[in-house]
Structure formats: structure tokens, C-alpha cells
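# Coordinate analysis (summary)
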Amino acid sequence: MGIEVLKSAIPDYAKDLRLNLSVLTTSSLDPAAAWGSAYTAALISKNTVVKEAILEDAEPHLSAEQVEGCKAAAAIMSMNNVWYKFNDLVSDPEIKGLPAKLRMNVMMSHGGIGPVLFETYSLSASVVNACGTCVDAHAAQLRKHGVSAQHIADVGRIASVVKAVSDTLGFDAGAPSS
């Protein structure tokens with residue numbers, strides 16, 4: 001299956017997405033960061049076809065631990081992104097001031113893949129989930145680890161393209177045939 005099959009499935013009205021999938025191999029990111037960001041974005045985007053296609057092409061570039069790290073980042077960001085968006089949206093200062101009281105131990109262990117990759121994958125998930133607080137926090141952590149602005153922007157580009165492809169391929173899924 002892989003990315004080439006995904007490209008062929010993208011309708012002509014979305015051909016820019018087909019072209020933009022090249023970001024997976026032309027970004028400033030090393031392969032583990034690029035493919036892990038794409039796989040994490042695919043997990044969050046919930047399109048099985050996209051998730052399987054990206055994983056197929058990602059597996060040669062990711063260790064089993066890194067694949068699990070993608071899943072760990074996607075899992076914790078699925079919770080954190082909702083919590084922090086809620087906290088941003090609520091206007092009651094008393095509620096805003098309350099601690100999350102949510103377990104986030106994986107953040108300390110970095111999903112077993114180290115802080116830079118885990119923050120990279122967490123950033124990708126946060127971009128797809130559109131959590132500004134989390135995007136900013138992960139970008140700041142990456143900068144503290146010496147990661148370039150281009151690296152952070154490329155994670156955002158990869159996550160954006162994967163999300164758009166996932167959405168687009170889902171537009172007609174389940175539609176009655178005419």
C-alpha cells in the first residue's frame with residue numbers, strides 16, 4: 001500500500017495534497033522524526049487507510065520502540081490536548097487555577113524514546129488536535145533541546161498534510177453509491 005497508493009487515492013480536486021506528501025521525504029527532519037511525526041498524526045487523524053499506509057512506509061525508518069513512542073504520544077496528547085483546550089476556553093479563573101489531576105507519567109519517561117523524539121511526536125499530535133497551549137509547550141521544549149525552528153515548522157507541515165489527506169480520503173467514505 002504505502003504512500004504511493006495514498007497518492008493515487010487522492011482525488012484530483014485535492015492534488016495539492018498529493019504533491020505535499022513529499023514533505024515526508026524532503027523536510028529537514030531525520031527519517032525517525034519525519035516518519036514518526038507522520039505516523040503520530042495519522043493515529044490522531046483516525047483514518048485507517050492513511051494510518052496503515054504511513055506505517056508501511058515508516059517501519060523501515062522506525063524501531064519498534066519508536067512506533068510505540070508514537071502511540072504513547074498520540075495517547076497522552078489525546079487527553080492533554082482536550083484538557084488544555086478546555087482550560088483555555090473556560091473563563092472562570094477558579095476553574096482555570098485548578099490542577100489537572102491527570103496521570104501523565106509517560107511525559108517523564110518520554111515514551112521510552114528520549115525527549116526530542118517524544119516532544120516531536122507530541123507536537124505532531126498537538127498540531128492535529130489544534131491545541132495551542134500544547135503546540136507552544138512542545139515547541140518550547142524542543143527549542144530548549146536545541147532543535148531548530150525549521151524542525152518545528154516541518155513537524156507542523158507534516159501533521160497538516162497527514163490530517164488533510166486523512167480528512168479528504170474520508171469525505172466519500174460510506175457515501176451511498178449513485
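Summarised in this report is the structure supplied together with it.

Cut-offs used in this document
Residues numbered from 1 in each chain as written. Predicted model: local features only at pLDDT ≥ 70, side-chain atom pairs only at ≥ 80, totals over all residues. Heavy atoms only, no water. Helix = DSSP H or I, 4+ residues; strand = E, 2+ residues; numbered from the N terminus. Rg over C-alpha atoms; globule rule 2.2 N^0.38 Å. Buried < 20%, exposed > 50% of the residue type's maximum accessible area, 1.4 Å probe, protein only. Polar contact = N/O pair within 3.5 Å; in protein donor to acceptor, adjacent residues only side chain to side chain. Contact = heavy atoms within 4.5 Å. Core = buried A, V, L, I, M, F, W, Y, C linked by side-chain atoms within 4.5 Å. Phe/Tyr/Trp six-rings, centres within 6.5 Å; stacked < 30°, edge-to-face > 60°. Salt bridge = Lys/Arg side-chain N within 4 Å of Asp/Glu carboxyl O.

### Some details on the overall build of the chain
The helix and strand inventory of the chain stands at 11 helices and zero strands. Start at the N end of the chain and walk to the C end: the helices and strands fall as α-α-α-α-α-α-α-α-α-α-α. Computed over the C-alpha atoms, the radius of gyration of the chain is 17 Å, within 12% of the 16 Å expected from 2.2 N^0.38 for a compact globule of 178 residues. In terms of its C-alpha atoms, the chain occupies a principal-axis envelope of roughly 55 × 40 × 25 Å. Looking at the 178 residues of the chain, the share that counts as buried comes to 44%.

### Focus: the side chain of E119
Note on placement: E119 falls in helix α9 (residues 115-128). Here H138 takes part through its side chain, which lies 2.5 Å from a polar atom of the side chain of E119. The contact partners of E119, leaving out residues within four places of it in the chain, are H138, Q141 and L142.

### Focus on the nonpolar core
Counting 51 residues, the largest nonpolar core has V50, I54, L62, Y121, I158, V162 and V165 as its most contacted members. Put simply, the parts of the chain that give this core at least two residues each are α1 (2-9), α3 (23-26), α4 (31-45), α5 (48-58), α6 (64-89), α9, α10 (132-144) and α11 (149-170). With nine residues, the single largest contributor to this core is α4. Not counting chain neighbours up to four residues away, the residues in contact with L62 comprise A32, W35, G36, V67, C70 and Y121.

### Overview of the packing of aromatic side chains
Scanning the model with the defined rule gives one aromatic pair in all. For the pair W83 and F86, a centre-to-centre distance of 5.3 Å together with 45 degrees between the ring planes defines the contact as tilted. Here F86 and W83 lie together in helix α6, a separation of three residues that amounts to about one turn.

### Some thoughts on the pattern of salt bridges
Applying the stated criterion across every chain, the model contains five salt bridges. The shortest N-O distance in the salt bridge between R18 and D12 comes to 3.2 Å. Classification of R18 by relative accessible area gives partly exposed; the value is 23%. In this structure, the salt-bridge partner of K71 is E68, at a minimum N-O distance of 3.4 Å. Taken together, the residues K71 and E68, both in helix α6 and three residues apart, mark about one turn of the helix.

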